[in-house]
Amino acid sequence: MSESSAARVGVYICHCGTNIAGKVDVEQVAERARTMEGVALVKDYKFMCSDPGQDLIGEDIAREKLDRVVVASCSPLMHEPTFRAACERAGLNGYLMQMANIREHCSWVTVDKEAATDKATALVAGAVARSRHLRPLQRRRVDVNPATLVVGGGVTGIQTALDIADSGRRVYLVERDPTIGGHMARFDKTFPTLDCAACILTPKMVRVGQHENITLWTWSEVERVSGYVGSFRVTVRRRARYVDEATCNGCGVCQEKCPYKAPSEFESGLAKRKAIYVPFPQAVPKVPVIDPAACVYFKTGKCKACQKLCPTGAVDFEQQDRLVEIDVGNIVLCTGFSSFDAARLGAYRYGELAEVYTALEFERLCNASGPTGGEIRLKSGEEPRAVGIVHCVGSRDRRFNEHCSRVCCMYALKFAHLLKEKTRAEVYNFYIDMRCFGKGYEQFYGRLLDEDVRFVRGRAASVTDHAMNEGERGRLVIRVEDTLVGQTRRIPVDMVILATGLEAQRDADEVARRFNINVGKDGFFIEKHPKLAPVATATDGVFIAGACQGPKDIPDSVAQASAAAAQVLTTLARGSIEVEAATSVVDAERCSGCRLCNTLCPYSAITFDAERGVSAVNDALCKGCGTCAAACPSGAIEARHFNDEQMFAEIEGVLHDVHA
Amino acid sequence: MSPSYTYYPGCSVQATSRDYSESIRAVAGPLGLELVELDDWNCCGATAYMNVNEVLSFCLTARNLALAAKHGREVCTACSSCYQNLCKTNRYLESYPELREKVNRALAEAQLSYEGGVETKHLLEVVARDVGLARVQELVRRPLEGVRVAAYYGCQTLRPTGGEDPERPTMLEGLVGALGAEVTSFPLKTWCCGGSLMGTNEKVALRLCRNLLACAADVKAEVICVVCPLCQFNLEVYQRRVNRAYGTHFAVPVLYFTQLIGLALGLRRRELGLQRAIVPPAGPLARLVGVPA
Amino acid sequence: MSTPEREPRIVGFLCNWCSYTGADLAGTARIKYPPNVRVIRVMCSGRVDPTFVVKAFAAGADGVLVAGCHPGDCHYIDGNHKTFRRVPLLSRFLEGHGIDPRRFRLAWVSASEGDRFAAVVKELTETVRALGPCRVGAEGGEAAAEVTP
Amino acid sequence: MSRPRIASYWASACGGCDVALLDVHERLLELAERVEIVFWPIALDAKYADVEALPDGAIDLTLLNGAIQTSHHEAMAHLLRRKSKTLVACGSCAHIGGIPGLANLFNREQIFQAVYRDAPSVDSDDVVPLTRTETPVGALELPELHSTVRTLSQVVEVDYSLPGCPPPAERVWEALQAALDGALPPRGAVLGATDQTQCEDCPREKRELRVSSFRRIATEQPEPERCLLEQGFLCLGPATRGGCGALCQRSGVGCRGCFGPPPGVLDQGAKALGAVASVLECDDEARAAELVGEIPDPVRSFARFSIPSSLLRRRSLP
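Residues numbered from 1 in each chain as written. Chains lettered and ligands numbered in written order. Predicted model: local features only at pLDDT ≥ 70, side-chain atom pairs only at ≥ 80, totals over all residues. Heavy atoms only, no water.

Trainee: Lay out the interface of chain A and chain D with the relevant residues and their values.
Mentor: Accessible area lost upon the coming together of the parts is a frequently used measure of interface size. Contact residues are listed per partner, giving 18 residues for chain A and 21 residues for chain D. When the two sides are added together, the surface that chain A and chain D hide from each other amounts to roughly 1600 Å², 57% of it contributed by carbon and sulfur. Taken as a group, A:Ser592, A:Thr599 and A:Pro633 account for 32% of the area that chain A buries against chain D, more than any other trio of residues on that side. If you look at where chain A meets chain D, you find zero salt bridges. For the pair chain A and chain D, the interface holds eight residue pairs in polar contact (both at pLDDT 80 or more). In terms of residue count, helix 17 (residues 627-631) of chain A provides more of the side of chain A that touches chain D than any other element does, three residues in total. Here the residues of the side of chain A that touches chain D sort into 10 nonpolar, five polar and three charged. (Contact = heavy atoms within 4.5 Å. Buried area = accessible area lost by both parts, 1.4 Å probe. Salt bridge = Lys/Arg side-chain N within 4 Å of Asp/Glu carboxyl O. Polar contact = N/O pair within 3.5 Å; in protein donor to acceptor, adjacent residues only side chain to side chain. Helix = DSSP H or I, 4+ residues; strand = E, 2+ residues; numbered from the N terminus. Nonpolar A, V, L, I, M, F, W, Y, C, P; charged D, E, K, R; others polar.)

Trainee: Before we move on, can you summarise the sheet that holds strand 3 (residues 75-77) of chain B with the specific residues and values?
Mentor: All names here are of chain B. Across the sheet, four strands lie side by side as 2-1-3-4; this open sheet has parallel pairing. Of all strands in the sheet, those with a lone pairing partner are strand 2 (34-37) and strand 4 (120-122), marking the two edges. Direction aside, the axes of adjacent strands within the sheet are offset by 40° on average. Where strand 3 meets strand 4, three bridges bridge the pair, whose relative direction is parallel. Across the sheet, Cys76 pairs through a bridge with Lys121, a residue of strand 4. (Pairing = 2+ DSSP bridges. Axes fitted to C-alpha atoms, helices over the stretch in contact; angles between N-to-C directions.)

Trainee: Mind laying out the packing of aromatic side chains, listing which residues take part and the relevant values?
Mentor: All names here are of chain A. Inspection of the entire model under this criterion finds 31 aromatic pairs over all chains. Aromatic pair Phe340 and Phe400: ring centres 5.1 Å apart, planes at 65°, arrangement edge-to-face. Separated by 60 residues along the polypeptide, Phe340 in the loop between strand 19 (337-339) and strand 20 (356-358) and Phe400 in the loop between strand 21 (386-393) and helix 13 (408-422) bring together distant segments of the chain. The class for Phe340 is buried, based on a relative accessible area of 3%. (Phe/Tyr/Trp six-rings, centres within 6.5 Å; stacked < 30°, edge-to-face > 60°. Buried < 20%, exposed > 50% of the residue type's maximum accessible area, 1.4 Å probe, protein only.)

Trainee: Explain the packing of helix 3 (residues 79-96) of chain C against helix 9 (residues 268-278) of chain D to me, using residue names and the numbers behind them.
Mentor: Contact geometry for helix 3 of chain C and helix 9 of chain D: axes closest at 8 Å, N-to-C directions at 140°. Looking at the two axes, helix 3 of chain C sits oblique to helix 9 of chain D. The interaxial crossing formed by helix 3 of chain C with helix 9 of chain D has right-handed handedness. On helix 9 of chain D, the residues touching C:Lys82, C:Arg85, C:Arg86, C:Leu89, C:Leu90 and C:Phe93 of helix 3 of chain C are D:Gly269, D:Ala270, D:Leu273, D:Gly274, D:Ala277 and D:Ser278. Classifying every residue of the contact of helix 3 of chain C with helix 9 of chain D by side-chain character gives six nonpolar, three polar and three charged. (Parallel < 35°, antiparallel > 145°, perpendicular 65-115°, else oblique. Left-handed = near helix turned anticlockwise from the far one by under 90°.)

Trainee: Break down the sheet that holds strand 18 (residues 330-333) of chain A for me, citing the residues and quoting the values.
Mentor: In sheet architecture, strand pairing relies on hydrogen bonds along the backbone and comes in two forms, parallel and antiparallel. Residues and elements named next belong to chain A. Read across the sheet, five strands follow the order 10-7-6-18-29 without closing on themselves; strand pairing throughout is parallel. Edge strands, defined here as strands with exactly one partner in the open sheet, are strand 10 (214-217) and strand 29 (542-544). Between one strand axis and the next, the sheet turns through 20° on average, direction left out of account. In terms of strand pairing, strand 18 meets strand 29 through three bridges, oriented parallel. Note on strand 29: the bridge partner recorded for Leu333 is Ile544. With respect to the sheet, helix 7 (residues 155-166) is in contact with strand 6 (148-151), strand 7 (171-174), strand 10 and strand 18, its orientation differing from that of strand 7 by roughly 170°.

Trainee: I'd love a proper account of the interface of chain C and chain A, names of residues and values included.
Mentor: Taken together, the contact between chain C and chain A spans 43 residues of the former and 43 residues of the latter. Of all residues in chain C, C:Arg38, C:Arg41 and C:Arg47 bury the most surface against chain A, accounting for 18% of the area lost on that side. The interface formed by chain C and chain A contains five salt bridges. Among the ionic pairs, A:Glu80 bridges to C:Arg41, the shortest N-O distance being 2.8 Å. The interface formed by chain C and chain A holds 17 residue pairs in polar contact (both at pLDDT 80 or more) in total. If one sorts the elements of the side of chain C that touches chain A by residue count, helix 1 (residues 19-28) of chain C sits on top with seven residues.

Trainee: Lay out the state of the cysteines with the relevant residues and their values.
Mentor: Scanning the model with the defined rule gives two disulfides over all chains in all. Note on cysteine connectivity: A:Cys196 is disulfide-linked to A:Cys199, with sulfurs 1.9 Å apart. For the disulfide bridge between A:Cys196 and A:Cys199, the dihedral angle about the S-S bond is near 100°, and by the sign convention the bridge is right-handed. Here A:Cys196 falls in the buried class, since its relative accessible area comes to 18%. The exposure class assigned to A:Cys199 is exposed, which follows from its relative accessible area of 51%. Disulfide partner of C:Cys18: C:Cys69, at an S-S distance of 2.4 Å. The S-S bond linking C:Cys18 to C:Cys69 shows a torsion near 100°; that makes this disulfide right-handed. A residue pair is termed long-range when its members are at least 10 positions apart, and C:Cys18 in the loop between strand 1 (10-15) and helix 1 and C:Cys69 in the loop between strand 3 (63-68) and helix 3 qualify at 51 residues. A residue is classified by how much of its surface remains accessible, and C:Cys69, at 3% relative accessible area, is buried. (Disulfide = S-S within 2.5 Å.)

Here you go:
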């Protein structure tokens, strides 16, 4: 075809020091490349990616009138952007540059020098042949809807929402619980500074509630997401609260008068709440919700006490779920974690032995606003004489989660400190390793050592109420191999706190599917790049922050929250973003409307125009996978930058030596 | 049709624990189990030999497995040591080709070879899983009502495990329950009885047995139900010595689960080798056993 | 096992996100494997039109490898599902054309499976070498020698 | 001035193409008046020698149908090429190989074996055709059967092709008209066909193209209005050039692909296969293999007419 016959290809072969040249005979590859069709010039150079290397390309494009460039060096995943930029600086469209990966795929993996040289030649031949059929492409920009959806109202979601809202942009914050605050709202103190969680969190919660740019929807969940970066359409299910948020003034009479109780989720079941309830006093919004499972009216059709006594007539038993549609440009997932179910780990007898607590339960137990008013007491009402804190419960354990939950060591220390502060109890920590990596964490550990908390190095084997001597009678016994002393010990205590680990949310898979992002083996969301793109995801415009990406403490979660907010704001600042240029396109002339492609597109980017009887690709939705082009039986769909011509040319290219 | 297994008795069951052997034979029929004894089997070396010379010990068990392989049936044993050695040998020969090769060189001397793949089960698993608790319940003619039973697994049945949670197994409780008995909690159910330590370091072994007996007494168990000849031997035969050493007065009968099954199925005490018991049963159990007053 | 007069040539279609990256990893980890596979990058294994595979054989390949993300991990949600729907039919199509299906291999290689990629290449290369050169168009019988252009 | 000369000849063919020409019915008389038919074995008597006698380029238009399977076909192709100003590959066989092209799944030996030895109706003891046989009355010669069937354009340069098995009579007539009126498109064009696929002309309604299992026309009745492929009946329509007006689909049979691939498609079989497999209703690898197992013979199902013109051209035999 025309542009291929016209093509003047410049081939650049990189030595990459000795990385390539050490195994591949670069000169010989160059020699052979000179004989390839369309090749105008061939050069080899020490480091193509260096500035002089890039300039070399630039100069030749100008001087030698090159209209195609082939760079044989490392993986395109490494330097494609570099060399595209180099070409564009010289006025050659970046998509007219083709790389041949003769390092990762050749010099580094091949033993024999000659074989490596031949393989490199073949790869270059493929690249040259392909390059002659390349066509210039323009990266397109799409406008970004200034509104942002933040999913999850824990500390991460709160921080994200505030950062974005403070910049004057609209934020929709969707939380599935009746209030925002998440896990942090349930904590007592925070390590290592020991400032009280509520004191630092509630002001932020209040700001969210009052912020002019934040639309807060609690007791709500995202049901559907369609669209693409810049313009997502999101359907939110606003579950029936049976209380009208607009009219309720949060006086609380309803929950005072409600005669029925159920275990309080917020208090980890250590206390009860009413059937109509606000999870905790500082909840935002301070609008109660009725739990139909506990409400007698929903069971028997009688009572309605709350409705009768509500001064503003906000209680509405007829309320139904509502589906609300919103348009946003970006989405940030801050869906957090769920804590390990200690009952799964039989040896510690959680749920059987009354004095075995999970971390979250203990948080409430020593919280001034908790069920005991912050007094650490056994169920008997007595003060514990000794307390054992068992680390790594459900973490660093092949049977459950291999990962380290990163926060347990530190909150265990916090617990130990609080116990020392509030009781006269002897406190034992049973640990595998102490991991105090954060700022000021190691110092906090040191401080606890001085508060003579006992540290026993060894994973606790079991907790039992079986006494083997008088000293153990009526108490809990923790069996452990003390690896420092080198013997097994039985340590009698009165209370056991299980440092339960952090797990991915139970419905993480489902959520990931809904937002079209990926989930790792450990169940947490996968970031775009573990180091260089920690809050982005495989789907443009969808970001993740906080513990939904992996166990994190508050400082890290908040840092990620701001990072995600910044990412969103950069797109908003420009108002538009670049999207994939190598998309598929339907040639209406050749499309016969067989509609075979319609069901294939994973992004529903292909629609059928019944009028003209042809299918068409929505550029903005298309991610350029090319599946449709592979399937199109009439050859009417072209996968730009990977079209049939280019593919066939490359196939023949890499097999250049067949008829040689 | 009755499920059929290649039955590997092991030495202890044959010798020191004839009552176990007898009760197994007695209940197999009624349970609809066909236990075909492995022809020309040899001692597995038990726990002791494994610690003296692993490779040779693997050879011993591998020989039994090689013989069993010919019959293509699952292998079933009632002795926890044997069970552990069978499982361990299978696991190791699978995981370490060089070991497999070594062992096979030895087997070749006897025109045998073993490449793995023979399923091995403890009789407890066979009864509780393959026969099934429901079926057992149907067969019960004389429920062990009112008998407080401590279900004791010992250590070797559970590691390696036949799918049971080694930290809180439930199979035996389930079975004993199905027989109509009252299952006590038994916190030490997975603790070691000392095993062959009794021969080498009696002091320690006695302490371990004391723990178990004390625990049984604590939970007011009228009988300890065991699944291993050695456990039974240590706990019952040495009970008097424990009492002497610690000034205790334990008198807990220690019966095999097969004996309890037999009782529940209505078999007579001699059929179940109960006449050999050293610590005589008392209370409701005595009535069931029908001890001559 | 026939001794080939030349090294087998294999064309490998690798998806950009998993398999190509996996192959890169094999490189960074300096895992050595046979040089016979010549890699062609596609964005998704779903882009691999059966025509490409047929074309590769027609153009003289002795074997063809298609590698993509493990089902469930596709960067494009389920592009690779189209791949595993096409491949079994294509193998039979090739077999019908006298091309031994062992010459055509679909493999799932994730971005973290450099070692796996190397293993797959090694295995396929050995298989294809054992099968000898793929002589597309050979008429067999007395005419076995002549190959139609 | 003298009337334009036309010829029609058949190579490896069934005769259907010639019949298609006859099917223009009484218009044939009109044709006979306008042109001089110099060579048309099926209709009038003429000898090869007569053709050889003609000066090169003496024939204005030759419709050659049938695939090239013997030395004789090849010789005639060259002869007619030489004698004709315009040579048209007429019908699927000349165009893309057609049904005779299925012979490419075997070689000469296998075909002889099947036809002259294994066929139950054969009683000649082990006699296969020889190119030369000595007899008392002299030597008998037979053309040599090639192991590989070729399309006309693989043997000589072809000016146009007129696809179809056979080409619909109307299309043939239109082509003749165009030729006589000097209204033929540029060389290399495909006559009597569109640049779209069958679906363009297919009246059947398409809702959502997903195939959950394959059904066979022999055992099941398709819904009259709905896309056949959607119903699980194999139809090559989506991968086949239009022009016949979707005749088969209209009569309730899946398109078999006789019009060949649409422009830009290199391999009709591979393309059709890829398309159909892509829309299988199944997200389980093992299940996918099962599902495609329901297609008894992928090669004959997807490349029935196009093997000689396909990328692989034939079954390779050791």
